[in-house]
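Notes for the structure review
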Amino acid sequence: MTDDSFQRTDNRFRNLSSVRPTPASTPHPDFGFDAPFDRAGTGSSKWARATALGVIPMGLADMDLPGPPAIAEALERRARHRAYGYTVCDPAGRALVADWYRTRHDAAVDPDWILLLPCGPRTALRVLLESVLPDAARPQAPVLLPTPEWGGFAQLCRAAGLPYRELPLPLGPDGYRLPSGPLPRPATALLLSSPHNPSGRVWPADAVRALAARAAESGALLVSDEVHGDLTHPGHAHPVAVTTADPAHRHLVVTLNSVGKTFNCSGIPSSFALVPDPGLRARFAEALAGYGLWEGGLLEQTVQQAALREGGPWLDTLLDHLAAARTRLTDRLGPAVRSAPQASYLLWLDAAALGLPPAEARRTLLERCGLEASDGAEFGPGGRGSLRLNYALPSPVLATVLERLERLERP
Ligand SMILES: Cc1ncc(COP(=O)(O)O)c(C=O)c1O
């Protein structure tokens, strides 16, 4: 791989930046979270799951809330120039990511660790796993998956033909915990959802540090999928795995993130990886290039830079909105909430405690309340009998959801 085939930070590209710095946008005191937000006609996958008029889809993980105005403005501005050819990687993007981690997470991320990717987190994960596989070592050591997990980890292992082993997460009175004993050995990698999808649990920093140590003992790469990490609710702190791990284990840790979940733009393929180990970074970059994925995609850069540069006030407003919605729902649903959410917009519920038949919970909720949820069975062993509800909703829709949930309390 040459420098030119994968465009790393390099002064040669400074003057070629395809995305000019965006001027500060006008203040938006109201981001529209309290008004109805109609997604009809946008081809939303989430709304395609609303099988009948009046059904509120709460399954898929994107938000029924308008995204940051800065992203729309940046896309409009860029679209006005009618050349949409190949683009180089703007090194400012790496500095923006490092600044973001410094200001939002108090985490010192070296800009050289960062890969800016024109693909979603799922693709990035799959290619990353390919790049950590020992060349001819089959049968391979398994990939370890703490479960319940959002379903994508097991799916991508199956699709890649990688053996995997599920590790059920212990559920304590205050929610899920990370596995604390020794990990199976050998293992290729451990895929951690952090914060946890489906429960919204923010893992304590010391537990993440200990897990990184145990993964290193097993010779496994800890891949911390942190796409919900910037959605940590006020009062909680998200541990960024690469800076939380002991520096001695950092070479075996990768943090994966994207602006997709945070800023409600998952339809635009984009992600970034923090890969402290230079050898792994180079192998990952080369594997990505094999799929035609280079740093510096046109849409990815436009959206990511606008979000990280200007999206902070929108995100702060969003987090207050989500935390308020979480409190209203958890107050209403009480012990049916399996693990108190501390991040993101997902509720992981015990169907039986809601009075729903565990094997038919999703269908029964849909029929009785007109609410579409994700079926826990998709989240690995232990997920059966659970439902995942996405509560990133405008206030009036949340009020309707709360009213409809009352139907569960009636026989
Ligand atoms: C924890 C986690 N990782 C990765 C993804 C995949 O994101 P995408 O499908 O945008 O690649 C999701 C999507 O829901 C997710 O929740």
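Residues numbered from 1 in each chain as written. Predicted model: local features only at pLDDT ≥ 70, side-chain atom pairs only at ≥ 80, totals over all residues.

1. Let's talk about the site of the ligand
Around the ligand, the structure places A61, G120, P121, R122, W150, G152, S193, N197, D225, V227, G260 and S266. Across the shell around the ligand, the residue classes break down as four nonpolar, six polar and two charged. (Near = placed C-beta within 6 Å. Nonpolar A, V, L, I, M, F, W, Y, C, P; charged D, E, K, R; others polar.)

2. Digging into the environment of T244
The topology assignment puts T244 in helix α7 (residues 241-244). Distance from T244 to A207, taken between C-alpha atoms, is 9.8 Å for residues 37 residues apart in sequence. T244 has contacts with A205, V208, R209 and P239, leaving out every residue within four places of it along the chain. (Helix = DSSP H or I, 4+ residues; strand = E, 2+ residues; numbered from the N terminus. Contact = placed C-beta atoms within 7 Å.)

3. Comments concerning the domain arrangement of the protein
Split by domain assignment, the protein resolves into domain 1 (45-67 + 312-406) and domain 2 (91-310). Relative to domain 2, the C-alpha centre of domain 1 lies at a distance of 25 Å. Of all the elements in the fold, those that place two or more residues in the side of domain 1 that touches domain 2 are α11 (312-333) and β11 (346-350). It is α11 that provides the largest number of residues to the side of domain 1 that touches domain 2, a total of six residues. Partitioning the side of domain 1 that touches domain 2 into residue classes produces 15 nonpolar, eight polar and six charged. (Domains from an automatic or database assignment.)

4. Topic: the pairing of strand β10 (residues 271-274)
Side-chain alternation along β10 places S271 and A273 on one buried face and F272 and L274 on a second face that is also buried. Pairing of strand β2 (residues 114-117) with β10, which is carried by four bridges, proceeds in the antiparallel orientation. From the neighbouring strand, L115 faces β10, where its bridge partner is A273. Relative to β10, strand β9 (residues 253-257) runs antiparallel, the two sharing three bridges. Bridged to T255 within β10 is L274. (Buried ≥ 20, exposed ≤ 12 C-beta atoms within 10 Å, placed from the backbone. Pairing = 2+ DSSP bridges.)

5. Here's the deal with the sheet that holds strand β7 (residues 189-193)
Pairing is mixed in the open sheet, where seven strands are placed in the order β2-β10-β9-β8-β7-β3-β4. The open sheet has two edge strands with one neighbour each: β2 and β4 (164-168). Taking the axes of each pair of neighbouring strands and ignoring which way they run, one obtains an average angle of 20° across the sheet. In the sheet, strand β3 (residues 143-147) pairs with β4 via five bridges, with the strands oriented parallel. In the strand pairing of β4, L145 is matched with E166. (Axes fitted to C-alpha atoms, helices over the stretch in contact; angles between N-to-C directions.)

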